[in-house]
Amino acid sequence: MKILRFNEAGLDCNFEVHGKTVEEVLKKAADHARKGHNLEVTEDSLDTWRSLIQED
Ligand SMILES: [Zn+2]
C-alpha cells in the first residue's frame, strides 16, 4: 500500500490517503483537497504530494 499524510503536506489535517498505486493516492488526495479544504489542485500540488507518498 502507498500512503500520503496530509499533515506532512503542510495542511492542518490528519487525513491519510491509502492506495495501491500513486495515481490512486493522488486522485483521492485531490478529491479531499477540493472537498475538504476548498483547494485548487495544481500540477505543483500533485508533484509535492507525489514526493511525500510512502510505502506502508
Ligand atoms: Zn483534510
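Source: prediction; values computed, not measured.

The rules we used
- Residues numbered from 1 in each chain as written.
- Predicted model: local features only at pLDDT ≥ 70, side-chain atom pairs only at ≥ 80, totals over all residues.
- Heavy atoms only, no water.
- Salt bridge = Lys/Arg side-chain N within 4 Å of Asp/Glu carboxyl O.
- Helix = DSSP H or I, 4+ residues; strand = E, 2+ residues; numbered from the N terminus.
- Pairing = 2+ DSSP bridges.
- Contact = heavy atoms within 4.5 Å.
- Axes fitted to C-alpha atoms, helices over the stretch in contact; angles between N-to-C directions.
- Phe/Tyr/Trp six-rings, centres within 6.5 Å; stacked < 30°, edge-to-face > 60°.
- Buried < 20%, exposed > 50% of the residue type's maximum accessible area, 1.4 Å probe, protein only.

**Digging into the pattern of salt bridges**
Turning to step 1, where the next piece is worked out: Taken as a whole, this structure holds five salt bridges when the rule is applied.
Turning to step 2, where the next piece is worked out: Close ionic contact of E55 with K2 constitutes a salt bridge, the shortest N to O distance being 2.2 Å. Linking E55 in strand 3 (residues 54-55) with K2 in strand 1 (residues 2-5), this pair joins segments that are 53 residues apart in sequence.
Turning to step 3, where the next piece is worked out: One salt bridge connects R50 with D47, and the closest N-O pair in it is separated by 2.8 Å. Of this pair, R50 and D47 both sit in helix 2 (residues 43-52), separated by three residues, roughly a single helical turn.

**Digging into the pairing of strand 1**
Turning to step 1, where the next piece is worked out: Relative to strand 2 (residues 16-19), strand 1 runs antiparallel, the two being bridged by four bridges. Residue pairing for strand 2: K2 is matched across the bridge by G19.
Turning to step 2, where the next piece is worked out: As judged from the two bridges shared by strand 1 and strand 3, these two strands associate in the antiparallel manner. Within strand 3, the residue paired with K2 across the bridge is E55.

**Re the sheet that holds strand 1**
Turning to step 1, where the next piece is worked out: Taken in spatial order, the three strands of this open sheet run 2-1-3, and their pairing is antiparallel. Every other strand in the sheet has two partners, leaving strand 2 and strand 3 as the edge strands with one partner each.
Turning to step 2, where the next piece is worked out: The strands touched by helix 1 (residues 22-37) are strand 1 and strand 2; relative to strand 2, the strand with the most contacts, the crossing angle is about 145°.

**Points about the packing of aromatic side chains**
Remark: the centre distance and the inter-plane angle together describe each pair of aromatic rings, the angle taken between the planes.
Turning to step 1, where the next piece is worked out: In total, this model carries two aromatic pairs according to the counting rule given.
Turning to step 2, where the next piece is worked out: Considering the side-chain rings of F6 and F15, the 5.8 Å spacing of their centres and the 75° angle between planes classify their relative orientation as edge-to-face.
Turning to step 3, where the next piece is worked out: Take F6: its relative accessible area is 1%, and that puts it in the buried class.
Turning to step 4, where the next piece is worked out: A relative accessible area of 35% places F15 in the partly exposed class.
Turning to step 5, where the next piece is worked out: Members of the aromatic cluster, each reached through a chain of ring pairs, are F6, F15 and W49.

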